[in-house]
Amino acid sequence: MILIVATFVIGCSTQEATTRVGPTPLPGSLTYGGKVVHSRYRPGTIVKNTFLGQFGYRVFERYVVQPDGTLRLTYQATGPDFLWD
């Protein structure tokens, strides 16, 4: 019984504390490659970004301005490039 509890505790303590929740920035994203972008907008403001991604798909992103002025990626979707249809 003690071995099972010890294994569980060790397994929980080795999990990385900085696991990322949410979408991963793509090439073309405002925060791709660890870039830190500061915004002049109020905290909680939603900033939208659109760019042409891989294979000609349009990428739609939403960021939320954090209290320190940085942007956090909260939404990401891809679709056909409607600008040329």
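Going by the structure above, here's the rest.
### Points about the side chain of Glu61
- Inspection of the secondary structure puts Glu61 in strand β2 (residues 57-65).
- At 2.8 Å, the side chain of Glu61 forms a polar contact with the side chain of Gln76.
- Setting aside chain neighbours within four positions, we find Glu61 in contact with Ser29, Leu30, Val47, Lys48, Asn49, Phe51, Leu73, Tyr75 and Gln76.

### Regarding the sheet that holds strand β3 (residues 71-80)
- Within the open sheet, the three strands sit side by side as β1-β2-β3. Their pairing is antiparallel. For this open sheet the edge positions go to β1 (46-52) and β3, each flanked by a neighbour on one side alone. Pairs of neighbouring strands in the sheet enclose a mean axial angle of 20 degrees, with direction left out of account.
- Across seven bridges, the pairing between β1 and β2 is antiparallel. Paired with Asn49 across the strands is Glu61, a residue of β2.

### Some points on the packing of aromatic side chains
- Evaluation of the coordinates by the stated rule reveals zero aromatic pairs.
- In this arrangement the basic side chain of Arg62 is found over the ring face of Tyr75, its NZ or CZ atom lying 4.2 Å from the centre.

### Things to note about the pairing of β1
- Along β1, the buried face is formed by Val47, Asn49 and Phe51; none of Ile46, Lys48, Thr50 and Leu52, which line the opposite face, is buried.
- In this structure, the hairpin formed by β1 and β2 is closed by a connection of four residues, where Phe55 is found at a positive phi of approximately 65 degrees.

### Remarks on the nonpolar core
- Counting five residues, the largest nonpolar core consists of Val47, Tyr63, Val65, Leu71 and Leu73.
- Elements represented by at least two residues in this core include exactly β2 and β3.
- When neighbours within four sequence positions are excluded, Val47 is seen to be in contact with Tyr41, Glu61, Arg62, Tyr63, Val65 and Leu71.

### Description of the environment of Arg40
- Assignment of secondary structure puts Arg40 in the loop between α1 (2-13) and β1.
- When the C-alpha atoms of Arg40 and Thr70 are compared, they prove to be 9.3 Å apart, with 30 residues separating the residues in sequence.
- Here the side chain of Arg40 touches Tyr41 through a polar contact of 3.3 Å, side chain to side chain.

What counts, and where the lines are drawn
Residues numbered from 1 in each chain as written. Predicted model: local features only at pLDDT ≥ 70, side-chain atom pairs only at ≥ 80, totals over all residues. Heavy atoms only, no water. Helix = DSSP H or I, 4+ residues; strand = E, 2+ residues; numbered from the N terminus. Polar contact = N/O pair within 3.5 Å; in protein donor to acceptor, adjacent residues only side chain to side chain. Contact = heavy atoms within 4.5 Å. Pairing = 2+ DSSP bridges. Axes fitted to C-alpha atoms, helices over the stretch in contact; angles between N-to-C directions. Phe/Tyr/Trp six-rings, centres within 6.5 Å; stacked < 30°, edge-to-face > 60°. Lys NZ or Arg CZ within 6 Å of the ring centre and 35° of its normal. Buried < 20%, exposed > 50% of the residue type's maximum accessible area, 1.4 Å probe, protein only. Core = buried A, V, L, I, M, F, W, Y, C linked by side-chain atoms within 4.5 Å.

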